[in-house]
Amino acid sequence: MTPAAPRVLTILGATGSIGVNTVAVAQALGVRVHAVSAHRKVDELARIAVAGQASVAVIADESLLPQLRRALSGSAVQAQAGPEALCAISSCPQVDTVMTAIVGAAGLPATLAAVRAGKRVCIANKEPLVMAGELIVREAASSGAELLPVDSEHSAIFQCLEHHHAEEVAQLVLTASGGPFRQVLDLSQVTREQALKHPTWSMGPKITIDSATLMNKSLEIIEARWLFGIAAERIRVLIHPQSVIHSMVTYRDGSVMAQLGRPDMRVPIQYSLTYPRHAPGPVQPPDFASLGALTFEEPDLARFPSLRMGFHAATAGGLLPTIMNAANEMAVADYLAGHGRFIDIFQVIERALAQAPRVAAPRLDEILAADTDTRAQLSMR
Ligand code: NAD
Ligand code: MG
């Protein structure tokens with residue numbers, strides 16, 4: 001068997017939860033890291049870049065470039081800053097693979113740059129696909145870029161779909177742990193501390209809140225719709241509290257394929273780098289005998305209206321996914337900053353969606369404008 005091709009990697013968002021895991025996986029696989037980026041954590045970025053023997057480190061916040069230069073003085077790592085530098089390390093000829101682990105819409109330009117440059121794009125950062133999935137998939141088809149899902153559900157579906165065609169598929173079944181409030185009947189009383197305590201996964205703060213509201217699953221419906229070219233009407237969400245089955249594909253003959261594993265992001269991160277091979281790794285398979293039962297429930301759309309909004313945005317398309325995403329990012333940032341109640345997040349998104357203009361197949365400039373306008377309207381309140 002031939003080993004997976006050696007790869008040279010850019011890691012966008014290297015200081016985050018996915019980023020740090022990617023650094024570790026790359027090191028264990030012997031994958032060379034050419035460039036790393038972070039938003040504002042200068043010292044952490046410098047430490048990762050030097051330890052990983054990267055050639056370039058990019059700090060997204062340009063005002064921090066002098067600080068990054070100081071932190072990297074005496075090392076061989078070149079300091080760069082700003083959005084253009086993020087696009088440059090995503091498209092430069094020195095790399096063949098880009099891990100997109102920035103959180104939120106901020107990752108869209110660099111994701112597109114990597115796609116347009118025909119890289120293998122390992123997509124953790126789901127928000128760009130939510131906003132501009134149709135465009136990203138189209139650009140990938142013309143540049144020859146490979147889109148490799150990192151989100152555990154999408155990595156699972158990707159594996160269950162291998163060697164099959166979309167027309168054979170009856171449904172994609174996205175599993176969801178249900179988050180910390182799966183059994184909490186009154187969401188008006190829950191605390192920030194409870195919302196930040198995910199029962200099965202350890203992740204960055206924004207996606208942890210998204211998992212508590214189930215907005216994460218709404219984003220994932222749209223992510224799956226574009227990654228796999230399956231209409232939203234054929235995507236289903238199923239609550240599976242143990243997070244062992246990462247997602248499933250049901251076929252038209254009644255056969256069901258599922259991918260299972262421990263809830264550990266190093267597995268899908270590694271597979272996005274080693275695809276089409278499964279390489280040796282640090283994570284053990286689940287111990288089924290000690291797991292006992294795997295259970296499943298229908299999601300509660302009354303308690304979690306976010307999921308209803310997600311299906312609506314996924315089906316309607318146009319600018320609705322962008323507006324839903326922008327409103328969610330604003331509402332979650334506000335909530336994480338200590339303002340408002342958990343259930344206010346639902347109301348903010350609901351109001352933004354109610355005012356959304358209908359635009360079929362929006363262009364990139366229209367998508368970016370809708371993102372900016374939604375944020376501007378919400379910050380004026
Ligand atoms: P995180 O908050 O831990 O890390 C985010 C990274 O992005 C950091 O390196 C940060 O410096 C960088 N960043 C933040 N804002 C930025 C900006 N404006 N410009 C440039 N860089 C910026 O987040 P995470 O949990 O690692 O998640 C990253 C992405 O992966 C998200 O889109 C999330 O939905 C997705 N994802 C995460 C997990 C997980 O287990 N953490 C699982 C599936 C998908
Ligand atoms: Mg996921």
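Coordinates for the structure precede this section.
All values derive from a computational prediction rather than experimental measurement. Each residue is numbered by its place in its chain's sequence as written, counting from 1. Just so you know, chain letters begin at A and ligand numbers begin at 1, following the order they were written in. For this predicted model, a pLDDT threshold of at least 70 governs which residues receive local features, and a threshold of 80 or more governs which side-chain atom pairs are given and counted, while totals over whole chains, interfaces and linings are taken from all residues. Only hydrogens and water are set aside when side-chain values are computed; all heavy atoms of the structure are taken into account.

S.K.: Help me out: how do you make sense of the packing of helix α9 (residues 205–213) against helix α10 (residues 215–228) in this one?
M.R.: Helix-helix packing: each pair is described by the crossing angle between the helix axes and the interaxial distance. A fitted line through C-alpha atoms represents every axis, and for helices the fit uses only the stretch in contact; the resulting angles, taken between N-to-C directions, go from 0 to 180 degrees. Working definition: helices are DSSP H or I runs of at least four residues, strands are E runs of at least two. Numbering for both runs from the N terminus. Contact pair α9 / α10: the axes reach a minimum separation of 5 Å and the direction vectors enclose 95 degrees. In terms of their interaxial angle, α9 and α10 are classed as roughly perpendicular. In contact with Lys206, Ile207, Asp210, Ser211 and Thr213 of α9, α10 contributes Met215, Asn216 and Leu219. Polarity classes work like this: nonpolar for Ala, Val, Leu, Ile, Met, Phe, Trp, Tyr, Cys and Pro, charged for Asp, Glu, Lys and Arg, and polar for all others, with Gly in that last group. Looking at the contact of α9 with α10, its residues break down into three nonpolar, three polar and two charged. Oblique is the label for every angle not falling under 35 degrees (roughly parallel), over 145 degrees (roughly antiparallel), or within 65 to 115 degrees (roughly perpendicular). When checking whether two residues touch, look at their non-hydrogen atoms; a contact exists if any pair is within 4.5 Å.

S.K.: Teacher, can you tell me more about the packing of aromatic side chains here?
M.R.: Here the distance between the centres and the angle between the planes together describe a pair of aromatic rings. Between the rings of Phe, Tyr and Trp (Trp by its six-membered ring), a pair exists once the centres lie within 6.5 Å; its type follows the angle of the planes, with under 30 degrees stacked, over 60 edge-to-face, and the other angles tilted. Under the counting rule described, the total for this entry stands at five aromatic pairs. Aromatic pair Tyr335 and Phe342: ring centres 6.0 Å apart, planes at 70 degrees, arrangement edge-to-face. You can call Tyr335 buried: its relative accessible area is 2%. In this structure Phe342 comes out as buried when scored by relative accessible area, which is 1%. Among the aromatic residues, ring-to-ring pairing joins Phe181, Tyr335, Phe342 and Phe346 into one connected group. Sitting over the ring of Tyr335, Arg192 keeps its end group 4.3 Å from the ring centre. In this scheme, Lys NZ or Arg CZ marks a charge over a ring once it lies within 6 Å of the ring centre and within 35 degrees of the ring normal. Across from the ring centre of Trp226, 4.0 Å away, lies the NZ or CZ of Arg225, which sits over that ring. Summary of the burial criterion: residues with accessible area below 20% of their type's maximum are buried, those above 50% are exposed, and those between are partly exposed, where the area comes from a 1.4 Å probe applied to protein chains only.

S.K.: Whenever I open this one, the side chain of Arg303 confuses me. Can you help?
M.R.: Mapped onto the elements of the fold, Arg303 is located in the loop between α12 (288–291) and α13 (305–316). In protein, a polar contact requires one atom able to donate a hydrogen and another able to accept it; more generally it is a pair of N or O atoms within 3.5 Å, and residues adjacent in sequence count only if both atoms are side-chain atoms. A polar atom in the side chain of Arg303 sits 2.7 Å from the backbone oxygen of Arg182. Once residues lying within four places of it in the same chain are set aside, the contact partners of Arg303 are Phe181, Arg182, Gln183, Val184, Leu185, Leu187 and Phe346.

The values reported here are purely geometric and, on their own, carry no functional implication.
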